[in-house]
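Spelled out, the chains give:
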Amino acid sequence: MKLQDRYNNSSWIIIIATLGAERKTFRRILRYICSEMGSPTTRIQTYLHGDQRNKIPGLLKLSEQNTNDRRHTSYVNYINELLRYFGKERVHLVGSTAENLKLRWSTDGGDADFLLVSGRLEIPVANIIPRSDTPRYIWLRGDHLDERYRGHLLDGKYLCAQLLRTVDPQLFTTLRAIHTIVTSPADFVPGRESRMTSVGVNSKVGLARLQMRDLVVDNNAFPGKTRGRHVGKRCANITAQLKLRWKEVKVNQEDLKTLKRLLKIVALVKEPGTKGEHHGSFNYFATMLSEALSRPSLFEDDLDDEEVIVFENDMDIDENHGNERIKATYDDKTSKDFVPAARVSGKLQCMVDFRNRMTHAAWPSQSIAEDIFNNDVFVICRSAPLNPSADKDFCLGFNLSEITLSQNMPEVAKTVYIIMKSYLKGLFQKRFNAKNREEVRLKSYHVKTAIFWTLEKHGSCSFWTGTSDDSILQGIRYVLDKINKCLKDRQLCHYFVTNSNMFDGFQEEEYSLCEACVDEIMKDPVGSIALFFELDKAKKAEYWLSPDEFEQVMALKKDGGRKDFVDRLEDALIDMLRGFNEAPRSPDGSSPIRNAALGVIELFRKEEQEKTGGKQSRRESNCESQLKPEHVLSGNRSGASVVGGLLNMLPHKGKDVQKWTDGLVQFASHFPESRKYIDMVGGSSGVWDVLQAASSSDPLAEIRAAVDRYLSCPDDVVDSVAMELKQKIIAYFIGQKEL
């Protein structure tokens, strides 16, 4: 019997006992159910701890992928499809989101970690100098590296860690442009009510983007309505910075023209009157992009004689800020961490040792081990826990290999890992707080490493492939035993760099506190889960802003960050052109911008076909299940939604289509937002064209062809081709739930 069924049965037995059934009667019921469900000893334990055991499904619920997690995966795929046309830059979704092993608080949307890999700098194995005291941390020799990208060498020999502390234009081009846009501070209302505020915050290994819904700072909410929308001219300082950057980039006029057309596609599909939050965010970006593209060009201007201020890095820290933090509250919070990295070229000896070790391991399989051996290894900026050298220290990153291992763990081991995370966030946190320690010293990556070692030695045990709660309890005990032994030995070997101790930096008091927590959990592994839910229930939706973060938030009060966003978009445009300049050219000298855009559309098309393969089309499904007349004309739908819904209800073939179209246009003209929508698609004839496009059996193929025509057509027909493209895009998305 599966876990969930057992939990449900346990709950109603406890109800019977609570209602005061006679002992004799209850024993009979208990014996009967035990005979149906399994071992009496295990079942009695289930009843005694029934309420606690019902927490396990709750934990698994909080670890499920949400919409943002799935979007992150898709976005990374699209970005990498784009990047592959321009060089070796790549982005990887890493950490618990990529592993699908996240445990979030109920007040948070969770976080996501992205590894930004430079296409300009690769580190040969021969240039890696492991630190003797903690070999996973390294110094990097700069000899035989391209002088354009290695920066100033420390002591004339070593790379400076600052090189990978930021998304530096010296190492990043197109990926830096994307990062600049994504991390721009903003404050706006994308949907009907909720206000979204996002700021850039410094993390240990890069820059994080923190986004909060309905943020309130120091008991003063932001104004309920959007502030001034006019962005205005650049300030003198920004103008000087951008001029300096334009001067450093070679501008290919054909590239610039194609890029601007590509970016204008975003504005083409902006829909007036849309109220959905996702569309509202898109419309905000489209508006800011239109502002940036409409500004006078700077790249042809000569620099003024005035002093030019060097472009400030977007991740610089103002050392003059104090440490006082300001309390803020929110309804929901998400964050994204961006970690700059460089690839290691060649095979590390530790990976060769890993592959040899796997020939005698119970887990993972030989094929998985070979995949891991062939994964990229990265270098990131992080100071060592022992005798840190902040200006020289780097760290080896095995992110892709850890994802492969985590995704191939048995299901029981994955559940054990989620439960172990609940201990860290619950019981460990409470015990550490009682000792006036804010941060739990034992981290999830320590636990994950312990699970890897446990599986490597005991992965052949049958309980790992079981489906019962007993299997989970056995898995918990095995992992707790491993952690307990490592704590007593004061050593947890890194899974790949096995001569590196992951407990480096622990203090004796921290070891003792962790040991006490493990001992307490081992006495009642299931009951200890309850503390996570106690803290979750008591957890306040609050965040303490650093002085730098508070300054960003206050700066948003003026215009919601619009002016800064547009400035950043201009800066991103320069980085995109820098990336195009380094891309392989076709025989006619043009960059592969057009092929990159078409490749992304084709990837999206394939994904959509996989989702809907063998099923009723999304448009037909929406027409039948949602877009009924009473739904379409309901009071809370926008003008665009009304028109879109009616379009879905109309016949798309036959002689009466034109009559229906004319009637729709006359009806919709009574609604201002609907009138805007109809004008946007080209009036009555445009509505007809949208209906025709909506009847296509492969609308994404038609969109791809229309994009191809738009990016390559002569200037004298670009407006008409743009309208055709807009109509085809709208025809595709018009059947969506949220217009």
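Residues numbered from 1 in each chain as written. Predicted model: local features only at pLDDT ≥ 70, side-chain atom pairs only at ≥ 80, totals over all residues. Heavy atoms only, no water.

An unreviewed UniProt entry lists the protein under the name Mab-21-like HhH/H2TH-like domain-containing protein, with Mya arenaria given as the organism. The UniProt entry for the protein carries the following text under Sequence similarities (unreviewed entry): "Belongs to the mab-21 family." The UniProt entry for the protein carries this comment under Cofactor (unreviewed entry): "Mg(2+)". (UniProt positions renumbered as here; feature names shortened; annotations may be inferred.)

> Teacher, can you tell me more about the overall build of the protein here?
Of regular secondary structure, the protein possesses 31 helices and 14 strands. Residues classed as buried in the protein amount to 51% of the 739 residues present. A separation threshold of at least 6 residues defines the contact pool for the protein, and within that pool the share at least 24 residues apart is 76%. For the protein, the computed accessible surface area is about 34,700 Å², with 50% contributed by carbon and sulfur atoms. (Helix = DSSP H or I, 4+ residues; strand = E, 2+ residues; numbered from the N terminus. Buried < 20%, exposed > 50% of the residue type's maximum accessible area, 1.4 Å probe, protein only. Contact = heavy atoms within 4.5 Å. Areas by Shrake-Rupley, 256 points an atom, 1.4 Å probe, with all protein chains shown as cover.)

> Would you take a moment to explain the packing of aromatic side chains for this structure?
The geometry of an aromatic ring pair comes down to the distance between the two centres and the angle between the two planes. Inspection of the entire model under this criterion finds 19 aromatic pairs. A ring pair is formed by Phe-503 and Tyr-511, whose centres lie 5.9 Å apart and whose planes are at 80 degrees; its orientation type is edge-to-face. In this structure an aromatic cluster arises from ring pairing among Phe-354, Trp-363, Phe-398, Phe-452, Trp-453, Tyr-495 and Phe-496. The ring of Phe-373 has Lys-347 sitting right over it, with the charged end atom 4.6 Å from the ring centre. (Phe/Tyr/Trp six-rings, centres within 6.5 Å; stacked < 30°, edge-to-face > 60°. Lys NZ or Arg CZ within 6 Å of the ring centre and 35° of its normal.)

> Could you clarify how one ought to interpret the nonpolar core in this entry?
Residues Met-351, Leu-396 and Phe-428 are the most contacted members of the largest nonpolar core, which totals 109 residues. Ranked by residues supplied to this core, first place goes to helix 16 (residues 411-434) with 12 residues. Leave out the neighbours within four places in its chain, and Phe-428 touches Tyr-423, Val-440, Leu-442, Cys-514, Cys-517, Val-518 and Ile-521. Residues Leu-242, Leu-259, Leu-573 and Ala-583 belong to the second largest nonpolar core, which totals 31 residues. (Core = buried A, V, L, I, M, F, W, Y, C linked by side-chain atoms within 4.5 Å.)

> Just checking my understanding: could you explain the pattern of salt bridges for this structure?
Side chains that differ in sign of charge can pair as their charged atoms come close. All chains considered together, the criterion is met by 48 salt bridges. Between Arg-141 and Asp-143 there is a salt bridge, with the nearest N and O atoms lying 2.9 Å from each other. Among the residues examined, Asp-143 registers a relative accessible area of 25% and is labelled partly exposed. Here Asp-698 ties to Arg-605 by a salt bridge, and the two come within 2.5 Å at their closest N and O atoms. Residue Asp-698 is located in the loop between helix 29 (683-694) and helix 30 (699-712), and its partner Arg-605 is located in helix 23 (residues 593-612); the two are separated by 93 residues in the primary sequence. You can call Arg-605 buried: its relative accessible area is 17%. Taken together, the shared-partner salt bridges connect Arg-176, Arg-245, Asp-571, Asp-575 and Arg-578 into one network. (Salt bridge = Lys/Arg side-chain N within 4 Å of Asp/Glu carboxyl O.)

> Could you clarify how one ought to interpret helix 13 (residues 349-357) in this entry?
Three- or four-residue spacings in an α-helix give side chains the same orientation, since the helix completes a turn every 3.6 residues. Among the residues of helix 13, those classed as buried are Cys-350, Met-351 and Phe-354. Axial view of helix 13: buried residues confined to an arc of 100 degrees, hence all on one face. Buried-residue contacts for helix 13 involve helix 14 (366-374) and helix 15 (399-407). (Arc of directions from axis to C-beta.)

> Please clarify how helix 17 (residues 444-458) should be interpreted in this entry.
Given a rise of 1.5 Å per residue, 15 residues ought to cover 21 Å, and the 20 Å separating the end C-alpha atoms of helix 17 matches this to within 8%. Of all 15 residues in helix 17, 11 are buried; the element is thus mostly enclosed. Every buried residue of helix 17 is listed here: His-446, Val-447, Lys-448, Thr-449, Ala-450, Ile-451, Phe-452, Trp-453, Thr-454, Leu-455 and Glu-456. Looking at the buried residues of helix 17, the elements they touch are helix 7 (95-99), helix 13, helix 15, helix 16 and helix 18 (469-489). (Expected span 1.5 Å × (residues − 1).)

> Can you walk me through the pairing of strand 12 (residues 378-381) in this structure?
Along any regular strand, the residues point their side chains to alternate faces of the sheet. Here strand 12 shows two buried faces, one formed by Phe-378 and Ile-380 and the other by Val-379 and Cys-381. One ladder, built from two bridges, connects strand 11 (residues 332-345) with strand 12; its direction is antiparallel. Across the sheet, the residue bridging to Arg-343 is Phe-378, located in strand 12. (Pairing = 2+ DSSP bridges.)

> Sorry if this is basic, but what is going on with the confidence of the model for the protein here?
In low-pLDDT segments, the atomic positions of the prediction should not be examined closely. Taken residue by residue, the protein gives an average pLDDT of 80. The fraction at 70 or more is 75%. In this model, residues 223-230 is a region of pLDDT below 50 whose contacts with residues beyond four sequence positions or in other chains number 16 contacts. Overall, residues 303-321 carries pLDDT values under 50, and its contacts beyond four positions in sequence, including any with other chains, amount to 36 contacts. (pLDDT = per-residue confidence, 0-100.)

> How should I be thinking about the side chain of Ser-406 in this particular structure?
With respect to the helices, strands and loops of the structure, Ser-406 is situated in helix 15. According to the relative accessible area criterion, Ser-406 is buried, its value standing at 0%. When neighbours within four sequence positions are excluded, Ser-406 is seen to be in contact with Glu-99, Leu-101, Lys-414, Lys-448 and Phe-452.

> What's the story with the pairing of strand 2 (residues 108-124) in this structure? I'm lost.
Two elements, strand 1 (residues 90-94) and strand 2, share five bridges in a ladder whose sense is antiparallel. Residue Val-91 lies in a different strand from strand 2, and its bridge partner there is Leu-116. Where strand 2 lies against strand 11, 12 bridges are found, and the strand directions are parallel. Each bridged residue has a counterpart across the sheet, and for Ile-123 the counterpart in strand 11 is Val-344.

> Could you clarify how one ought to interpret the packing of helix 13 against helix 14 in this entry?
The description of two packed helices rests on the angle between their axes and on the distance between the axes. Their axes nearest at 10 Å, the elements helix 13 and helix 14 cross at an angle of 175 degrees. Put simply, helix 13 runs roughly antiparallel to helix 14. In this structure, helix 13 uses Met-351, Val-352, Phe-354 and Arg-355 to contact helix 14, whose residues at the interface are Ala-369, Glu-370, Ile-372 and Phe-373. Counted by class, the contact of helix 13 with helix 14 contains six nonpolar, no polar and two charged residues. (Axes fitted to C-alpha atoms, helices over the stretch in contact; angles between N-to-C directions. Parallel < 35°, antiparallel > 145°, perpendicular 65-115°, else oblique. Nonpolar A, V, L, I, M, F, W, Y, C, P; charged D, E, K, R; others polar.)

> Looking at this structure, I do not really get the environment of Gly-58. What am I missing?
Secondary-structure assignment places Gly-58 in helix 5 (residues 55-62). Taking the C-alpha atoms as reference points, Gly-58 and Phe-533, 475 residues apart in sequence, are found 9.0 Å from one another.

> Would you explain unusual backbone geometry in this entry?
Trans is the prevailing form of peptide bonds, just as negative phi is the prevailing case for residues other than glycine. For the bond from Trp-363 to Pro-364, the omega torsion is -5 degrees, close enough to zero to count as cis. Among the structural elements, Pro-364 can be located in the loop between helix 13 and helix 14. The backbone of His-144 shows a phi angle near 65 degrees, a positive value even though the residue is not glycine. Among the secondary structure elements, His-144 is positioned in the loop between strand 4 (137-140) and helix 8 (147-150). Overall, His-144 belongs to the exposed group, its relative accessible area being 75%. We note that Arg-490 has phi near 60 degrees; this positive angle belongs to a residue other than glycine. When you line up the elements, Arg-490 lands in the loop between helix 18 and helix 19 (508-523).

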